[in-house]
Amino acid sequence: MRNAFADEITKIGASDSRVVVLSGDIGNKLFDRFKLKNEGRFFNCGIAEANMMSVAAGMALSGLRPVIYTIAPFTTTRCYEQIRVDACYHNVPVVIVGTGSGLSYAELGPTHHSCEDLAIMRVLPNMTVLAPADEVELRQCLRGALQINGPVYIRIGKKGEPVVPKMQQKFAIGRSMTVRDGEDICLIVAGTLLPSVMQAAEALDALGISTRVESFHTVKPLDEATLGAVFGRCKVVAVVEEHSRIGGLGGAVAEWLARQSRPNARLITFGTDDCFMHEVGTQTYAREKFGLTALNIVSKVKALFNRASV
Amino acid sequence: MNDLKKIASEIRGRIIATSHNTRTPHLGSCLSCTDILVAAYFDTLKIDPTKPTDPNRDRFILSKGHGAAALFQVLGMRGFYSEGMLESYGEDGGLFAEHPPTPEHLPGIEAATGSLGHGLSIGLGMALAGRIKGQIYDVTVLLGDGECNEGSVWEAAMMAPIQKVGNLLAIVDFNKWQGTGRSEEVMELGPLVDKWRAFGWEACEIDGHDMGALRGVLGQPRTLIGKPQAVVAHTVKGKGISFMEDDNNWHYRIPDADELAAAYRELGLKL
């Protein structure tokens, strides 16, 4: 995903001289082509994220399109006030990219985990929040983000995430992508857990439960039209994300659901527990620990579906 | 120079009257930077109040946003908006808060400040943008000495010289006080000029109430590529009113009617 980001931003930068990349002392080699093609528009801002965020806001206030890139916790929690005041209060087009989001850097320990970013970015006025599932969505999200006249946060994984084919449809920020159609259950995913969610959907289909999958690459603004449709049609809607069950897409959907008078479907959310992960482990281990697996999704969703069908 | 001094006295009077009328604090901080603001806006900045978004204008950021009451008066008198607008100061539903709003909401403002330690970085971004876009303008950022407690100030201080932003000027309104005490007793602030030099800046110190000295540093021609410049401006908190000078109670205190009248007398103004 990060290679796709570097490739796409290089292409966009070549055709839009307002695009500037700021990095927090990571991905130096990653941006070699950007630097070559877009001389004078790459800034290694060092390990000083607060300054980097405000510098980007100053550039955006002067008509540029800065894109900030560093590891998710350092481009969100580390410089949160600069995001709130300088990017959001001024409502300027700063694109903030958090790489290695969720549990991508599980092995590095909780300092490098990012399971709160969707919650804290979503609450900020003027902020658009994106969580692409794969590199195809990432490229679309990045191009879309650079069309928005306000701040955007994009959380991405690391590298090697498989691309999942979607159904034929036009991409738009704020509108989910239907990955597969189904009637009984809808699995909604924000981000790179899409392959596990697809496995779960196929397993549920094999059990005779027709399962739809929606990729909510846009967490904010929330795609209420799609939510209205799936909550009206299905018996169970599950939200799956590599993020705390507090405040992420699951939280956003729950807030929306509380305002609906007669939803047909029951909601279940999958995400990380409200804790720091003290054990060492790979991303796969960490996902298993928090039940972010096809197996667990199938078992929980099936149980809820059976109860709802009685 | 005498004209600038007269303007500064007039601005001081309006700041104190507004504080009295609307119970707005931070009087001491506003009075310490009044001369710097007047020198910049009435003497050296390349600005046109009728074109507040001209891409080639000089930028001035009041990073010590609690000096807003002074900035609002200066921008009004300079013609960025009608001075009558300032009558709504502090009113419910009005525009004038205790800190500067965003440029979108008030012409003449370059950045909404109030949370300290943001302005120098924003100014650095603006200075770099000028270079990238090939626009010739200078960026001046006015910081407080207390504000220099913020780590982000020194993050920006480290980045600016390596990027050779010759069009960036930082002024520290060194009034020797912050909210609760002497700034040099709260944190190890000094030696302030040497600190900026050690960070790679061209640095000097001046009397921040001397209009000639202010013209010298603010009006100095700058280049797109070069060393950023820091000026430590020695100032007096509450400057201009004998009973407010160097008395930190006026960080939050509001003048009563007698004090307002006394201040006007000292400034040679009529109430």
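Above: the structure in question.
Structural notes, computed from the coordinates. These numbers were taken from a predicted model, which means no experiment stands behind them. (Residues numbered from 1 in each chain as written. Chains lettered and ligands numbered in written order. Predicted model: local features only at pLDDT ≥ 70, side-chain atom pairs only at ≥ 80, totals over all residues.)

### Concerning the nonpolar core
In terms of nonpolar packing, the biggest core is built from 164 residues, with Ile68, Leu187, Val189 and Val197 of chain A touching the most fellow members. Top element by residues in this core is helix 2 (residues 27-44) of chain B. It accounts for 10 residues. Residue contributions to this core reach at least three from each of two domains, namely domain 1 (2-155) and domain 2 (177-309) of chain A. Not counting chain neighbours up to four residues away, the residues in contact with Leu187 of chain A comprise Val197, Ala200, Ala201, Thr211, Val213, Ala238 and Val240 of chain A. (Core = buried A, V, L, I, M, F, W, Y, C linked by C-beta atoms within 7 Å. Buried ≥ 20, exposed ≤ 12 C-beta atoms within 10 Å, placed from the backbone. Helix = DSSP H or I, 4+ residues; strand = E, 2+ residues; numbered from the N terminus. Domains from an automatic or database assignment. Contact = placed C-beta atoms within 7 Å.)

### Considerations on the sheet that holds strand 7 (residues 177-180) of chain A
Residues and elements named next belong to chain A. Spatially, 7-9-8-11-12 is the arrangement adopted by the five strands of the open sheet, whose pairing is mixed. On the outer flanks of this sheet lie strand 7 and strand 12 (266-272), each paired with one strand and no other. Mean inter-strand twist for the sheet, computed between neighbouring axes without regard to direction, equals 25°. Two strands pair when backbone bridges link them, and strand 7 and strand 9 (residues 211-215) are joined in this way by three bridges, in the antiparallel orientation. Across the sheet, Arg180 pairs through a bridge with Val213, a residue of strand 9. Against the sheet, helix 8 (residues 194-206) contacts strand 7, strand 8 (185-190), strand 9 and strand 11 (236-244), and its axis sits at roughly 165° relative to strand 9. Relative to the sheet, helix 12 (residues 294-309) contacts strand 8, strand 11 and strand 12, its axis offset from that of strand 11 by approximately 150°. (Pairing = 2+ DSSP bridges. Axes fitted to C-alpha atoms, helices over the stretch in contact; angles between N-to-C directions.)

### Section: the interface of chain B and chain A
Of the residues lining the interface, 21 residues belong to chain B; the matching set on chain A comes to 24 residues. Within the residue set of the side of chain B that touches chain A, elements represented by two or more residues are helix 4 (119-133) and helix 5 (151-162) of chain B. Sort the elements by how many residues they give to the side of chain B that touches chain A and helix 4 of chain B lands first, with 11 residues. Across the side of chain B that touches chain A, the residue classes break down as 11 nonpolar, eight polar and two charged. (Nonpolar A, V, L, I, M, F, W, Y, C, P; charged D, E, K, R; others polar.)

### Overview of the packing of helix 1 (residues 2-22) of chain B against helix 2 of chain B
Residues and elements named next belong to chain B. In contact at an axis separation of 9 Å, helix 1 and helix 2 are set at 140° when each is read in the N-to-C sense. Here helix 1 lies oblique to helix 2, going by the angle between them. Here helix 1 and helix 2 pass one another in a crossing that is right-handed. Here Leu4, Ile7, Ala8, Ile11, Arg12, Ile15, Ile16 and Ser19 of helix 1 come into contact with helix 2, specifically with Leu27, Cys30, Leu31, Thr34, Asp35, Val38, Ala39, Phe42 and Asp43. (Parallel < 35°, antiparallel > 145°, perpendicular 65-115°, else oblique. Left-handed = near helix turned anticlockwise from the far one by under 90°.)

### Notes on the sheet that holds strand 2 (residues 139-144) of chain B
All names here are of chain B. If you walk across this open sheet you meet the five strands as 1-2-3-7-6, and the pairing is parallel. A strand with exactly one partner marks an edge of an open sheet, and here the two such strands are strand 1 (59-62) and strand 6 (202-207). For this sheet the average axis-to-axis angle between neighbouring strands, irrespective of direction, equals 20°. Bridge count for strand 2 against strand 3 (residues 168-174) is six bridges, and the pairing is parallel. The residue bridging Gly144 from the neighbouring strand is Asp173, located in strand 3. Seen against the sheet, helix 8 (residues 211-218) touches strand 2, strand 6 and strand 7 (229-234) and runs at an angle of roughly 160° to strand 6.

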